[in-house]
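# Structure assessment
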Amino acid sequence: MTVDEVDAYLAALEEPKRGTLEALRRSIRTVVPDAEEGISYGAPAFRVSGQVVAGFAAFKNHLAYLPHSGRVLADLSEALTGYEHTSGSLHFPIDETLPNDLVRRLVEAKIAILGI
């Protein structure tokens with residue numbers, strides 16, 4: 001995994017997707033500044049102690065935060081009011097990044113599940 005892969009993924013996106021995901025990337029880095037960045041399952045991901053703790057992806061009509069866990073979004077369902085989601089993907093508008101406090105809760109929930 002390399003940061004260059006994430007840079008290339010973002011560079012291939014049009015605005016406002018690129019800018020919104022760059023803001024999400026910065027927000028995740030604030031929570032896990034020493035995380036290793038790279039691509040996992042075709043999307044940018046952040047690893048701590050070798051474990052993926054967060055990721056994101058761009059789609060045609062929305063962006064997604066990927067907790068790489070079926071449990072994180074269920075555990076934080078009360079904080080996700082107003083967002084569409086599946087068990088493993090939180091969807092948000094292409095021009096509106098997730099709030100920093102929500103990103104912190106999502107990443108910390110995954111870290112707690114992993115026990116790292």
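Heads up: the structure comes first, above all this text.
The structure presented is a predicted model; accordingly, all values stated were derived computationally and were not measured. (Residues numbered from 1 in each chain as written. Predicted model: local features only at pLDDT ≥ 70, side-chain atom pairs only at ≥ 80, totals over all residues. Heavy atoms only, no water.)

## Thoughts on the overall build of the chain
- On a plain count of helices and strands, the chain comes out with four helices and six strands.
- In sequence order, the chain lays out its α and β elements as α-α-β-β-β-β-α-β-β-α.
- On C-alpha atoms alone, the chain measures out to a radius of gyration of 13 Å, which is about the 13 Å that the 2.2 N^0.38 rule sets for 116 residues.
- Relative to its full complement of 116 residues, the chain shows a buried share of 44%. (Helix = DSSP H or I, 4+ residues; strand = E, 2+ residues; numbered from the N terminus. Rg over C-alpha atoms; globule rule 2.2 N^0.38 Å. Buried < 20%, exposed > 50% of the residue type's maximum accessible area, 1.4 Å probe, protein only.)

## What about the environment of Phe56?
- Mapped onto the fold, Phe56 is located in strand S3 (residues 51-58).
- Discounting residues that sit within four places of it in the chain, Phe56 has contacts with Val6, Leu10, Leu21, Leu24, Arg25, Ile28, Ala43, Pro44, Phe46, Ala64, Tyr65 and Leu66. (Contact = heavy atoms within 4.5 Å.)

## Structural notes on the nonpolar core
- Counting 35 residues, the largest nonpolar core has Leu21, Ile28, Tyr65, Leu98 and Val107 as its most contacted members.
- Listing elements by their share of this core, those giving two or more residues are helix H1 (3-11), helix H2 (17-31), strand S2 (43-48), S3, strand S4 (63-66), helix H3 (72-75), strand S6 (90-92) and helix H4 (100-114).
- Examining the composition of this core, we find that six residues originate from one element, H4, more than from any other.
- Aside from chain neighbours lying at most four places away, what touches Ile28 is Phe46, Ala54, Phe56, Tyr65, Val103 and Val107. (Core = buried A, V, L, I, M, F, W, Y, C linked by side-chain atoms within 4.5 Å.)

## Remarks on the pairing of S3
- Burial analysis of S3 places seven of its eight residues in the buried class, the great majority of the element.
- Sheet topology note: the S2/S3 ladder contains four bridges and is antiparallel. Its bridge partner being in S3, Val48 is matched across the sheet by Gln51.
- Joining the antiparallel neighbours S2 and S3 is a turn of two residues, in which Ser49 adopts a positive phi near 55 degrees.
- Note: S3 against S4, four bridges, orientation antiparallel. Opposite Phe56, over in S4, you have Tyr65 as the bridge partner. (Pairing = 2+ DSSP bridges.)

## Describing the side chain of Ser40
- Tracing the backbone through its elements, the reader meets Ser40 in strand S1 (residues 36-40).
- The residues touching Ser40, leaving out its near neighbours within four places in the chain, are Ala45, Arg47, Val52 and His68.

## Quick look at the side chain of Ser89
- Residue position: Ser89 is located in the loop between strand S5 (84-85) and S6.
- At 3.1 Å, the side chain of Ser89 forms a polar contact with the side chain of His91.
- Beyond its immediate chain neighbours, meaning those up to four positions away, Ser89 contacts Ala64, Tyr65, Leu66, Pro67, Leu73 and Glu84. (Polar contact = N/O pair within 3.5 Å; in protein donor to acceptor, adjacent residues only side chain to side chain.)

## Overview of H4
- A rise of 1.5 Å per residue sets the reference length of H4, with its 15 residues, at 21 Å; its end C-alpha atoms lie 21 Å apart and thus fit the reference within 8%.
- For H4, the full list of buried residues reads Leu102, Val103, Leu106, Val107, Ala109, Lys110 and Ile111.
- Here the buried face of H4 lies against H2, S3, S4, H3 and S6.
- Once H4 ends, the next one or two residues include Gly115, with phi positive near 70 degrees. (Expected span 1.5 Å × (residues − 1).)

## Remarks on the pattern of salt bridges
- The full count for this structure, using the stated rule, is eight salt bridges.
- The shortest N-O distance in the salt bridge between Glu78 and Arg105 comes to 2.8 Å. Note that Glu78 is positioned in the loop between H3 and S5 and Arg105 in helix H4, a separation of 27 residues in sequence.
- With relative accessibility at 38%, the residue Arg105 sits in the partly exposed group.
- Two residues, Glu108 and Arg104, come together in a salt bridge whose shortest N-O distance is 3.1 Å. Separated by four residues within a single helix, Glu108 and Arg104 lie in helix H4, roughly one turn from each other.
- Given the relative accessible area of 33%, Arg104 is considered partly exposed.
- In this structure, a network of salt bridges that share partners links the residues Asp7, Arg25, Arg29 and Glu37. (Salt bridge = Lys/Arg side-chain N within 4 Å of Asp/Glu carboxyl O.)

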